[in-house]
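Examining the three-dimensional arrangement
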Amino acid sequence: MKLHLSLALLPAAVASVCAQPTPQSLADKESPSLLAIYKEIHSHPELSGHEQKTSAMVAKELRAAGCDVTQNFGKYENPNLKCYGVVGMMKNGEGPTVLVRTDMDALPVHEETGLSYASAVLTKNDEGKDVPVMHACGHDAHMAAFIGTARALQSLKSQWSGTIMFVAQPAEETGNGARALLKDGLYNRFGKPDYALGFHDKADLSTGHIGVTPGYTYANIDMVDVTVRGAGGHGAYPHTTKDPIVLSAEIINAWQTIASRENNPIDPLVVTVGSIHGGTKHNIIPDEVKMQLTVRTYKSDVRERALAAIDRIAKGCASAAGVPPDRMPIVTVIKDQFTPATYNNPDLTKRLVAVWKKTLGEANVDLVDPTMGGEDFAEYSLPDHSIPAVDFHIGAVDPEKIAQYKKEGKQLPSLHSSKFAPVPEPTIRVGMIGMTSAVLELMKK
Ligand SMILES: [Zn+2]
Ligand SMILES: [Zn+2]
């Protein structure tokens, strides 16, 4: 009653200021509709490179929010693949251009969340194998928040000027979606942005929170194929062979010295052998062993040295084992699967942190540690980071659940887990408010 009275007594001018929409009030208003969109996308996930229906839905929503929309944009290295990129331009007079990005693809994971809107989708992957599909990385929440952001910025047009480039990107999980859009002339056709902004849900961050890392936040990712070649023969007569299995074991151990002995300890570096295959039977020494590596770095000189060391050590060990020069290991860095490190421009990060603290409260903005994970959002910043960019985290987990798991010493379901289930409303809400307030800051009148 008291509150009612005091509101009634507010001068008209103040009351009209109060009635102005804000990112928060718009998030409240859009919440039911965005939740419905989220559930719809969650139940109908599509694999990387196959985002046909998802992209059509995002395009429809961007159009409804007042954007000039281009669909099926992008060119993959493989010209036979269709690219489902969506670009929505929202123009509002003179001013900077800000790129806002969401991803759209899901993963070949069998959902085990038990949710009423869980995915039961089965499809064929690119190899023709039947696979289940799940939005296990939260790209569905990103899309809902992205659509919410477009709606909010349309409603808030009196508060900003310039051009917003909404980019819904396919194939983030395979690391080639952003590159496909840039290769098709994203910046030639729609203009080079002054800033690029992206977000990703975080599987150990409380709902209502934004997390961000100034500087490097995600790593360079290189995929490396290695074939160690020897000379096979009978397992009982090793002296008549050059055993590629023993040689591979030596090479793998020697690679551990790249991070521990060749690299400056203050520069992050990971060399992981994720796959090794050789041989067919107990008593046969095979001709070759095949390995697949992931190599994670931040700085390009560290990356170049690590990749060179992998090659040098493999060949050096083979040579020491007496493998002839024409049977040296074949080391192939897969160029079109490279994902560059994501670098959050420190000045821009600082500016946005100040805005988020004002919008969400001091305690709800966390500076978080960088990770050796990867994100092709980095592509939008260009290799020289000349377009200032920030990719921030949005909290997706109930804080009580985080506390309970911590108490019990259990690991929360990570991104890509079949049990990963973000709490949708607050995850979408903080993504929408975080992105909308960031864009307003960069484009305010
Ligand atoms: Zn992912
Ligand atoms: Zn993801």
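Conventions and cut-offs
Residues numbered from 1 in each chain as written. Chains lettered and ligands numbered in written order. Predicted model: local features only at pLDDT ≥ 70, side-chain atom pairs only at ≥ 80, totals over all residues. Heavy atoms only, no water. Helix = DSSP H or I, 4+ residues; strand = E, 2+ residues; numbered from the N terminus. Buried < 20%, exposed > 50% of the residue type's maximum accessible area, 1.4 Å probe, protein only. Contact = heavy atoms within 4.5 Å. Areas by Shrake-Rupley, 256 points an atom, 1.4 Å probe, with all protein chains shown as cover. Lys, Arg positive; Asp, Glu negative; His and termini not counted. Charge placed at Lys NZ, Arg CZ, Asp CG, Glu CD. Donors = N, O, S within 2.8 Å, 3.2 Å for Na, K, Ca; no water. Tetrahedral: all angles 85-135°; square planar, octahedral: opposite > 155°, others 65-115°. Pairing = 2+ DSSP bridges. Axes fitted to C-alpha atoms, helices over the stretch in contact; angles between N-to-C directions. Expected span 1.5 Å × (residues − 1). Salt bridge = Lys/Arg side-chain N within 4 Å of Asp/Glu carboxyl O. Core = buried A, V, L, I, M, F, W, Y, C linked by side-chain atoms within 4.5 Å. Polar contact = N/O pair within 3.5 Å; in protein donor to acceptor, adjacent residues only side chain to side chain. Phe/Tyr/Trp six-rings, centres within 6.5 Å; stacked < 30°, edge-to-face > 60°. Lys NZ or Arg CZ within 6 Å of the ring centre and 35° of its normal. pLDDT = per-residue confidence, 0-100.

A few points about the overall build of the chain
Summing up its helical and strand segments, the chain has 12 helices and 18 strands in all. Summarising its shape, the C-alpha atoms of the chain cover approximately 95 × 45 × 45 Å along the three principal directions. Per-residue burial over the chain gives 51% buried out of 445 residues. Within the chain, contacts between residues at least 6 apart in sequence are counted, and of these 82% link residues at least 24 apart. Accessible area of the chain: about 20,700 Å², with a carbon and sulfur share of 54%. Taken together, the 44 basic and 50 acidic charged side chains of the chain have centroids lying 2 Å from each other.

Some remarks on the environment of Asp 398
The topology assignment puts Asp 398 in the loop between strand 18 (389-397) and helix 11 (399-407). Between the C-alpha atom of Asp 398 and that of Asp 204, which follows or precedes it by 194 residues, the distance is 9.2 Å. Setting aside chain neighbours within four positions, we find Asp 398 in contact with Thr 207 and Val 423.

Side note on the coordination of the zinc ion (ligand 1)
In an ideal octahedron of six donors the angles at the metal are 90 or 180 degrees, and in an ideal tetrahedron of four donors they are 109.5 degrees. Around the zinc ion (ligand 1), the protein contributes the donor atoms Cys 137 (SG), Glu 173 (OE), Glu 173 (OE) and His 416 (NE2), at 2.0 to 2.6 Å from the metal centre. Coordination at the zinc ion (ligand 1) is irregular, judged from the four donor atoms that bind it and the angles of 54 to 149° they form at the metal. We note that the donor set of the zinc ion (ligand 1) lies within a single chain, spaced as C-x35-E-x242-H. Owing to a relative accessible area of 6%, Cys 137 belongs among the buried residues under this scheme.

Focus: the sheet that holds strand 2 (residues 85-92)
The strand order across the open sheet formed by eight strands is 1-2-6-3-7-18-8-17, and the pairing between neighbours is mixed. Each edge of the open sheet is held by one strand with a lone partner, namely strand 1 (68-73) and strand 17 (365-367). Sheet twist, expressed as the mean angle between neighbouring strand axes with direction ignored, is 25°. Here strand 8 (residues 210-212) runs beside strand 18; their pairing, made up of two bridges, is antiparallel. Counted as the bridge partner of Gly 211 is His 393 from strand 18. Packing against the sheet, helix 11 makes contact with strand 7 (195-206) and strand 18, and its axis sits at approximately 50° to strand 7. Where helix 12 (residues 424-443) meets the sheet, it contacts strand 3 (97-103), strand 6 (162-169), strand 7, strand 8 and strand 18, and its direction lies at approximately 150° from that of strand 7.

What to know about helix 4 (residues 52-64)
The first and last C-alpha atoms of helix 4 sit 19 Å apart over 13 residues, in line with the 18 Å expected at 1.5 Å per residue. Residues of helix 4 that are buried make contact with helix 3 (23-43), strand 1, strand 2, helix 5 (139-155) and strand 6. Immediately downstream of helix 4, the backbone of Gly 66 shows phi near 100°, a positive value.

Notes on the pattern of salt bridges
In the structure shown here, the tally under the stated rule is 22 salt bridges. Between Asp 204 and Lys 202 there is a salt bridge; the shortest N-O distance is 3.2 Å. Judged by relative accessible area, Asp 204 falls into the partly exposed class, the value being 46%. Two residues, Asp 267 and Lys 299, come together in a salt bridge whose shortest N-O distance is 2.8 Å. Here the residue Asp 267 occupies a position in the loop between helix 8 (244-262) and strand 12 (269-278), and Lys 299 occupies one in the loop between strand 14 (288-297) and helix 9 (300-320), the gap between them amounting to 32 residues. According to the relative accessible area criterion, Asp 267 is buried, its value standing at 11%. Three or more residues are tied together by salt bridges with common partners; here these are Lys 29, Glu 30, Glu 61 and Arg 151.

Considering the coordination of the zinc ion (ligand 2)
Those donors, Cys 137 (SG), His 139 (NE2) and His 200 (NE2), are the protein atoms that reach the zinc ion (ligand 2), and they lie 2.1 to 2.3 Å from it. Site description for the zinc ion (ligand 2): donor spacing in sequence, C-x1-H-x60-H. Here the zinc ion (ligand 1) and the zinc ion (ligand 2) are spaced 3.0 Å from one another, each receiving a donor from Cys 137.

Focus on the nonpolar core
Counting residues in hydrophobic clusters, the biggest one holds 58 residues, and the most contacted among them are Leu 62, Phe 146, Ile 164, Phe 166, Leu 197, Trp 356 and Phe 392. Tallying contributions element by element places helix 12 first for this core, with 10 residues. Those residues in contact with Phe 392, other than ones at most four positions away along the chain, are Gly 198, Phe 199, His 200, Ile 210, Gly 211, Val 212, Trp 356, Gly 434 and Met 435. By size, the runner-up hydrophobic cluster in this structure holds 24 residues, among which are Val 224, Ile 251, Trp 255 and Ala 306.

Topic: helix 11
A distance of 3.1 Å separates the backbone nitrogen of Glu 400 from a side-chain oxygen at the start of helix 11, and that oxygen is part of Asp 398. Phi for Gly 409, located one or two positions after helix 11, is positive at around 65°.

So, the pairing of strand 14
For strand 14, a buried count of seven out of 10 residues is recorded, marking the element as mostly surrounded by other parts of the structure. Pairing geometry for strand 12 and strand 14, over nine bridges, is antiparallel. In the strand pairing of strand 14, Val 273 is matched with Leu 293.

Some points on the packing of aromatic side chains
A full pass over the atoms with the stated rule returns eight aromatic pairs. For the ring pair Tyr 38 and Tyr 117, a centre distance of 6.0 Å and an interplane angle of 75° mean the geometry is edge-to-face. A residue pair is termed long-range when its members are at least 10 positions apart, and Tyr 38 in helix 3 and Tyr 117 in the loop between strand 3 and strand 4 (122-124) qualify at 79 residues. Site record: aromatic cluster; members linked through ring pairs are Phe 199, Trp 356 and Phe 392. Above the face of the Tyr 405 ring, Lys 410 is positioned so that its terminal group lies 4.6 Å from the ring centre.

Section: the confidence of the model for the chain
The predicted model of the chain averages 95 in pLDDT, with 96% of residues at 70 or higher. This model gives residues 1-16 a pLDDT under 50, and the stretch forms zero contacts once residues within four places in sequence are excluded.

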